[in-house]
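Survey of secondary and tertiary structure
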Amino acid sequence: MFPVMSKFPLGRILGTPGAVSTCREQSVSMFSLFQRHAQGDWGDVCEEDWALNDLALADGDGRIFSSYELPESGKVWVITEADRSVTTLLLPEEY
């Protein structure tokens, strides 16, 4: 169970080995990234992806995608599947 108000169901919460390792190395809280995503802060996505996320919220269908810059270098993505069964933290190269 996710202890924050979420705008949509996150389903099962997962992290790829690369994303988990990178977050640990850079002292980034994975929980805070999932929290931002769950609350509708899509991070550094283009206008088109932002609009698609908002549409997915309104329709209750469609994947939801967030991108967050890391403090030292790189970025991580958080993706909630269209059926809301799984939300995954991953590096772009792991997609």
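Just so we're clear, the structure is a prediction, and the values are computed from it rather than from any experiment.

Basis of the calculations
Residues numbered from 1 in each chain as written. Predicted model: local features only at pLDDT ≥ 70, side-chain atom pairs only at ≥ 80, totals over all residues. Heavy atoms only, no water. Helix = DSSP H or I, 4+ residues; strand = E, 2+ residues; numbered from the N terminus. Phe/Tyr/Trp six-rings, centres within 6.5 Å; stacked < 30°, edge-to-face > 60°. Buried < 20%, exposed > 50% of the residue type's maximum accessible area, 1.4 Å probe, protein only. Contact = heavy atoms within 4.5 Å. Arc of directions from axis to C-beta. Polar contact = N/O pair within 3.5 Å; in protein donor to acceptor, adjacent residues only side chain to side chain.

A few words on the environment of Ile-13. Within the secondary structure, Ile-13 is located in strand β1 (residues 12-15). As a C-alpha pair, Ile-13 and Ser-85 span 72 residues in sequence and 9.0 Å in three-dimensional space.

Quick look at the packing of aromatic side chains now. Tallied over the full model, the rule gives four aromatic pairs. Their ring planes at 35 degrees and their centres at 6.2 Å tell us that Phe-8 and Trp-42 sit as a pair that is tilted. Of the two residues, Phe-8 sits in the segment before β1 while Trp-42 sits in the loop between α2 (30-38) and α3 (47-59), which places them 34 residues apart along the sequence. Comparing Phe-8 with Trp-42 shows no difference in burial state: the two are buried. Relative to Trp-77, the ring of Phe-65 lies with its centre 5.0 Å away and its plane at 80 degrees, an arrangement referred to as edge-to-face. You can see Phe-65 sitting in strand β2 (residues 64-69) and its partner Trp-77 sitting in strand β3 (residues 75-80), a full twelve residues away along the chain.

Within helix α1 (residues 17-25) the residues assigned to the buried category are Gly-18, Ala-19, Val-20, Thr-22 and Cys-23. Elements that come into contact with the buried residues of α1 comprise β1, α2, β3 and β4 (86-90). Looking one or two residues past α1, Ser-27 carries a phi angle of roughly 55 degrees, positive in sign.

On to unusual backbone geometry, then. The backbone phi angle of Ser-27 is positive, close to 55 degrees, even though this residue is not glycine. Secondary-structure assignment places Ser-27 in the loop between α1 and α2. In the Ramachandran plot, Arg-84 falls in the positive-phi region, its phi being about 65 degrees despite a non-glycine side chain. When you line up the elements, Arg-84 lands in the loop between β3 and β4. The buried category is assigned to Arg-84, whose relative accessible area is 9%.

Right, let's talk about α2 for a bit. When we look at burial in α2, the residues that qualify are Leu-33, Phe-34, His-37 and Ala-38. Here the buried residues of α2 occupy an arc of 135 degrees about the axis, which is enough to place them on one side. Buried-residue contacts for α2 involve β1, α1, β2, β3 and β4. By the N-cap criterion, in which a side-chain oxygen at the helix start approaches the backbone nitrogen of a residue two or three places on, α2 is capped by Ser-29, the distance to Phe-31 being 3.4 Å. Among the residues trailing α2, Gly-40 stands out with phi positive, at a value near 90 degrees.

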